[in-house]
Amino acid sequence: MHFLQFGSLTIPYHWLIALLSLLIGWIEIKIFSKRNSLSTTAIEILMNTLFLWGVVWKLSMILFDFPTVKGHLFAILYFSGGSKGFYLGMIVSILYLFWKVKKEELWAPLSMIILHFGTVGYGFYFLLTSYLQEESFLSLASTLFIIILLTIWLWLQDKDQIQKRQSKAGIVFLIYVFIWPFSRETSWMDLSIPLLFPFLTISLQAIAIKKEKL
C-alpha cells in the first residue's frame, strides 16, 4: 500500500484516490442534473448515502475491534472496521437510500444519478488505481477512452426514455467487469462497487416503471 507523508501524518493514497473520484463523479452529476433539469434532492440523497457508508465503515471499528480502539482512540482516524465494517456500511446506507427515495418519490431521477455517478466516479477510481499500480500507458489511455465513451453514451440518452436505463446499466457493468484485471488478490470488496451501482440503478428503475404503469 502506498502512503503520502505530511510530517507525522500518514495518508494512504487510496483514500485520496477515492476522494478525488467522488469529486469527479459529483461534478459530472451536477452538470448533468443542471442540463437535464433534474431534482437536486436526488444528488443530496446520493451524497448523504455515500457519507453515511463511510462513517459507518470507519466507526464500525468500535464494534469489530473494540480492544484496539479502547487502547488507542486515534486508531479510528487511521483504520476502519475492515471488510465487516464495509459491508455493514453498505447495508445501512442502502436501507437509508431506499427510505429516502420512497419518501421523496424520486425513483427515476435517482436511478439516473446513480448510473452516471457510478460510471464516472468508479471509472476514474479504477483509472487512478491502475496508474498507482504502474499500469502501461496504453492500458491507462484505453481505460480513459472507455470512460469517456460511456459518459458520452449516457449523456446522449433521452431522460424520458427510462426503460432503456436498465439495459444501459447492465452494459456498463459488463464493460467494467471485462476491463477489471481479476487476480487471486481480487476481493468481494473490490467487486462490490461495480456490482452495486448497476444493481441499484436497475432496482430503482424497475420500481419507477412499475409505478408509471399503475
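Small disclaimer: the values here were computed from a predicted structure and weren't measured.

Colleague: Looking at this structure, how should I read the overall build of the protein?
Modeller: Along the protein, the regular secondary structure elements total 9 helices and 2 strands. The order of helices and strands in the protein, counted from the N terminus, is β-β-α-α-α-α-α-α-α-α-α. Burial analysis of the protein (214 residues in total) assigns 37% to the buried set. The contacts of the protein with a sequence gap of at least 6 include a subset with a gap of at least 24, amounting to 71%.

Colleague: Teacher, can you tell me more about the environment of phenylalanine 66 here?
Modeller: Inspection of the secondary structure puts phenylalanine 66 in helix α3 (residues 66-71). With relative accessibility at 44%, the residue phenylalanine 66 sits in the partly exposed group. Here the alpha-carbon distance between phenylalanine 66 and glycine 81, two residues 15 residues apart in the chain, equals 10.0 Å.

Colleague: Whenever I open this one, the packing of helix α6 (residues 107-132) against helix α7 (residues 137-155) confuses me. Can you help?
Modeller: Helices that pack against each other are described as a pair by the angle of their axes relative to one another and the distance between those axes. One can describe the packing of α6 onto α7 by two numbers: an axis separation of 10 Å at closest approach and a directional angle of 175°. By the angle class used here, α6 and α7 are roughly antiparallel. Contact with α6, carried on its side by Leu115, His116, Thr119, Val120, Gly123, Phe124, Phe126, Leu127, Ser130 and Tyr131, involves Leu140, Thr143, Leu144, Ile147, Leu150, Thr151, Leu154 and Trp155 of α7 and no other residues of that element. Its residues assigned to classes, the contact of α6 with α7 comprises 12 nonpolar, 6 polar and no charged.

Colleague: So what exactly am I meant to see when it comes to the nonpolar core here?
Modeller: Generally speaking, a soluble globular protein has its nonpolar side chains buried in company with each other. If you look at the biggest cluster of nonpolar residues, it comprises 33 residues, and the most contacted ones within it are Leu46, Leu110, Ile113, Ile114 and Leu204. Contributing elements (two or more residues each) for this core: α1 (13-35), α2 (40-64), α5 (82-104), α6, α7, α8 (165-179) and α9 (188-213). The element best represented in this core is α6, accounting for 10 residues. Ignoring anything within four residues of it in the chain, the contact list for leucine 110 reads Ala42, Ile45, Leu46, Leu97, Val101 and Leu204.

Colleague: Please clarify how α5 should be interpreted in this entry.
Modeller: Working note: α-helix, 3.6 residues per turn, so residues spaced by three or four point in the same direction. In this model, α5 (23 residues) spans 33 Å end to end at C-alpha, consistent with the 33 Å of a helix rising 1.5 Å per residue. Turning to α5, its buried residues number three or more, namely Gly85, Phe86, Gly89, Met90, Ser93, Ile94, Leu97, Lys100 and Val101.

Colleague: Sorry if this is basic, but what is going on with unusual backbone geometry here?
Modeller: Among all residues except glycine, the phi angle is most often negative; among peptide bonds, the trans geometry is most common. Positive phi values are uncommon outside glycine, yet serine 37 reaches one of about 55°. Along the polypeptide, serine 37 turns up in the loop between α1 and α2. Here serine 37 falls in the exposed class, since its relative accessible area comes to 63%. The backbone phi angle of glutamate 105 is positive, close to 55°, even though this residue is not glycine. Assignment of secondary structure puts glutamate 105 in the loop between α5 and α6.

Colleague: Help me out: how do you make sense of a nonpolar patch on the surface in this one?
Modeller: Taken together, the side chains of Leu20, Leu23, Trp26, Ile27 and Ile31 make up a nonpolar region of the molecular surface, amounting to roughly 440 Å² of accessible area. When you line up the elements, isoleucine 27 lands in helix α1.

Colleague: Where do I start with α7 in this structure?
Modeller: Between its first and last C-alpha atoms α7 spans 27 Å; for 19 residues at 1.5 Å apiece the expected length is 27 Å, and the two agree. The set of residues buried in α7 consists of Leu140, Thr143, Ile147, Leu150, Thr151 and Leu154. Here the buried residues of α7 occupy an arc of 100° about the axis, which is enough to place them on one side. Facing away from the buried side of α7 by over 90 degrees, the exposed positions are Phe137, Leu138 and Phe145.

Colleague: Help me understand the packing of aromatic side chains in this model?
Modeller: For any pair of aromatic rings, geometry is given as the distance between the ring centres together with the angle between the planes. Tallied over the full model, the rule gives 6 aromatic pairs. Note on phenylalanine 32 and tryptophan 155: the rings are 5.2 Å apart at their centroids and 75° apart in plane angle, and the pair reads as edge-to-face. Here the residue phenylalanine 32 occupies a position in helix α1, and tryptophan 155 occupies one in helix α7, the gap between them amounting to 123 residues. Look at phenylalanine 32 and you get buried, because its relative accessible area is 1%. The rings of Trp53, Trp57, Phe86 and Tyr87 are connected pair by pair, giving a single aromatic cluster.

Colleague: Honestly, the packing of α1 against α6 in this entry has me stumped. Any pointers?
Modeller: Following both chains from N to C, one finds α1 and α6 inclined at 145°, their axes separated by 8 Å at the closest point. For the pair α1 and α6, the sense of crossing is right-handed.

Definitions and limits used
Residues numbered from 1 in each chain as written. Predicted model: local features only at pLDDT ≥ 70, side-chain atom pairs only at ≥ 80, totals over all residues. Heavy atoms only, no water. Helix = DSSP H or I, 4+ residues; strand = E, 2+ residues; numbered from the N terminus. Buried < 20%, exposed > 50% of the residue type's maximum accessible area, 1.4 Å probe, protein only. Contact = heavy atoms within 4.5 Å. Axes fitted to C-alpha atoms, helices over the stretch in contact; angles between N-to-C directions. Parallel < 35°, antiparallel > 145°, perpendicular 65-115°, else oblique. Nonpolar A, V, L, I, M, F, W, Y, C, P; charged D, E, K, R; others polar. Core = buried A, V, L, I, M, F, W, Y, C linked by side-chain atoms within 4.5 Å. Expected span 1.5 Å × (residues − 1). Patch = residues over 30% accessible without salt bridge, like charges linked within 9 Å, V, L, I, M, F, W, Y side chains within 5 Å. Areas by Shrake-Rupley, 256 points an atom, 1.4 Å probe, with all protein chains shown as cover. Salt bridge = Lys/Arg side-chain N within 4 Å of Asp/Glu carboxyl O. Arc of directions from axis to C-beta. Phe/Tyr/Trp six-rings, centres within 6.5 Å; stacked < 30°, edge-to-face > 60°. Left-handed = near helix turned anticlockwise from the far one by under 90°.

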